[in-house]
Amino acid sequence: MTTLELYLLPVLVLVLLVQSTLLFIDAKKKQGFAWFWGLWGLVQFPMPTLFYFLFVILPHRRRQK
């Protein structure tokens, strides 16, 4: 591994953990398959956040109007 990879790996792990935690907490509040979003948030970035916005947040806002 190069030194750049050694510096980027902890940043990537931190981003994935934060994304996963935030998706899990928000999905739990909105009752939207929290474990699914939390696990998927650990796997990749940023697609789970984009899909969460499209499939959970937008419909939740529409129901509240």
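Residues numbered from 1 in each chain as written. Predicted model: local features only at pLDDT ≥ 70, side-chain atom pairs only at ≥ 80, totals over all residues. Heavy atoms only, no water.

1. Quick word on the confidence of the model for the chain
Working step 1: For the chain, the mean per-residue pLDDT works out to 94, and 100% of the residues sit at or above 70.
Working step 2: Taken element by element, the chain is modelled with least confidence in helix α3 (residues 47-64), mean pLDDT 93, and with most confidence in helix α2 (residues 34-43), mean pLDDT 96. (pLDDT = per-residue confidence, 0-100. Helix = DSSP H or I, 4+ residues; strand = E, 2+ residues; numbered from the N terminus.)

2. Details of a nonpolar patch on the surface
Working step 1: There is a patch of nonpolar side chains on the surface, built from Met1, Leu6, Leu9, Leu12, Val13, Leu17, Leu39, Leu42 and Val43 and spanning about 880 Å² of accessible area.
Working step 2: For the nonpolar patch, the element with the highest residue contribution is helix α1 (residues 3-30), accounting for five residues.
Working step 3: Along the chain, Val13 falls in helix α1. (Patch = residues over 30% accessible without salt bridge, like charges linked within 9 Å, V, L, I, M, F, W, Y side chains within 5 Å. Areas by Shrake-Rupley, 256 points an atom, 1.4 Å probe, with all protein chains shown as cover. Salt bridge = Lys/Arg side-chain N within 4 Å of Asp/Glu carboxyl O.)

3. A word on the packing of α2 against α3
Working step 1: The N-to-C vectors of α2 and α3 enclose an angle of 150°; their axes lie 8 Å apart at closest approach. For the element pair α2 / α3, the angle class is roughly antiparallel. In this structure, α2 contributes Trp37, Trp40 and Gly41 to the contact, and α3 contributes Met47, Pro48, Phe51, Tyr52 and Val56. (Axes fitted to C-alpha atoms, helices over the stretch in contact; angles between N-to-C directions. Parallel < 35°, antiparallel > 145°, perpendicular 65-115°, else oblique. Contact = heavy atoms within 4.5 Å.)

4. Side note on the side chain of Gln19
Working step 1: Within the element layout of this structure, Gln19 appears in helix α1.
Working step 2: A distance of 2.8 Å separates a polar side-chain atom of Gln19 from the backbone oxygen of Gln44.
Working step 3: When neighbours within four sequence positions are excluded, Gln19 is seen to be in contact with Gly41, Gln44, Phe45, Pro46, Pro48 and Thr49. (Polar contact = N/O pair within 3.5 Å; in protein donor to acceptor, adjacent residues only side chain to side chain.)

5. Some details on α2
Working step 1: Those residues of α2 that fall on the buried side of the exposure criterion are Ala34, Trp37, Gly38 and Gly41. Buried residues of α2 fall within an arc of 100° about the axis and therefore sit on the same side. Along α2, the residues that are exposed and aim more than 90 degrees away from the buried face are Trp35, Leu39 and Val43.
Working step 2: Contacts made by the buried residues of α2 are with α1 and α3. (Buried < 20%, exposed > 50% of the residue type's maximum accessible area, 1.4 Å probe, protein only. Arc of directions from axis to C-beta.)

6. What about the packing of aromatic side chains?
Working step 1: Taken as a whole and assessed by the stated rule, the structure comprises seven aromatic pairs.
Working step 2: On the basis of an interplanar angle of 75° and a centroid distance of 5.2 Å, the ring pair of Trp37 and Tyr52 is categorised as edge-to-face. Of this pair, Trp37 sits in helix α2 while Tyr52 sits in helix α3; the two residues are 15 residues apart in sequence, bridging distant segments of the chain.
Working step 3: Classification of Trp37 as buried rests on a relative accessible area of 6%.
Working step 4: Since its relative accessible area comes to 3%, Tyr52 is described here as buried.
Working step 5: One aromatic cluster is present, built from ring pairs that chain together Phe36, Trp37, Trp40, Phe51, Tyr52 and Phe55. (Phe/Tyr/Trp six-rings, centres within 6.5 Å; stacked < 30°, edge-to-face > 60°.)

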